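# Observations on the model geometry
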Amino acid sequence: MSSSDSSDVASFPFPLQIEYDGPADRLRVAVDVDPAPLEDVRVEVGSRRLRIAVDRDDGTAERTLTPLPTGLVVGDDCEAVYNNGVLSVSLETVPRGQ
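Source: prediction; values computed, not measured.

## Focus: the sheet that holds strand β7 (residues 86-95)
In space, the four strands of this open sheet follow the order β1-β2-β7-β6, with antiparallel pairing throughout. Both outer strands of the open sheet, β1 (16-21) and β6 (72-83), are each paired with one neighbouring strand and no more. Strand-to-strand twist across the sheet, computed as the mean angle between neighbouring axes with direction ignored, equals 15°. Both β6 and β7 contribute to a ladder of nine bridges, which runs antiparallel. Residue N83 lies in a different strand from β7, and its bridge partner there is V86.

Below you can see the structure in the form of structure tokens.
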């Protein structure tokens, strides 16, 4: 598992955890963005990437992740939940070409 686009790693001040659950075909990402309000948090999902952006007083902190194992892409079942300052993203993974 990798997280590319490392240029934004240093400028993303929020701790995150990435977990790929192969048997469940899910990629899960948790980010502690507290104290950012929900309206300041954005999530964008592409076929092989996940972008998280948080608006702050000093600008926007963003991180783009490409953590999927080779041969997998994001499926249709995607969910992002924000609760008590923690953003939880769950993405279905499917073999490329399905």
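## Quick word on the pattern of salt bridges
Counted according to the given criterion, the structure contains six salt bridges. Here R28 and D21 are joined by a salt bridge, their closest N and O atoms 3.4 Å apart. Residue class for R28 comes out partly exposed when judged on its relative accessible area of 33%. Residue D21 is classed as partly exposed on the basis of its relative accessible area, which comes to 22%. Look at the salt bridges and you will find they share partners, linking E44, R51 and E62 into a network.

Calculation notes
Residue positions within a chain follow its written sequence, with the count starting from 1. Local features in this predicted model are restricted to residues of pLDDT 70 or higher, and side-chain atom pairs are both shown and tallied only at a pLDDT of 80 or more, whereas totals for entire chains, interfaces and linings draw on every residue. Just so you know, side-chain values use all the structure's heavy atoms and leave hydrogens and water out. Strand pairing requires that DSSP identify at least two bridges connecting the strands. Secondary structure elements are taken from DSSP: a helix is a run of H or I of four residues or more, a strand is a run of E of two residues or more, and numbering for both begins at the N terminus. For helices, the axis comes from a line fit to the C-alpha atoms of the stretch in contact; other axes are also lines fit to C-alpha atoms, and the angle between any two N-to-C directions lies between 0 and 180 degrees. Definition used for salt bridges: Asp or Glu carboxyl oxygen within 4 Å of a side-chain nitrogen of Lys or Arg. Type-normalised accessible area, obtained with a 1.4 Å probe on protein chains alone, sets the label of each residue: buried when under 20%, exposed when over 50%, and partly exposed for intermediate values.

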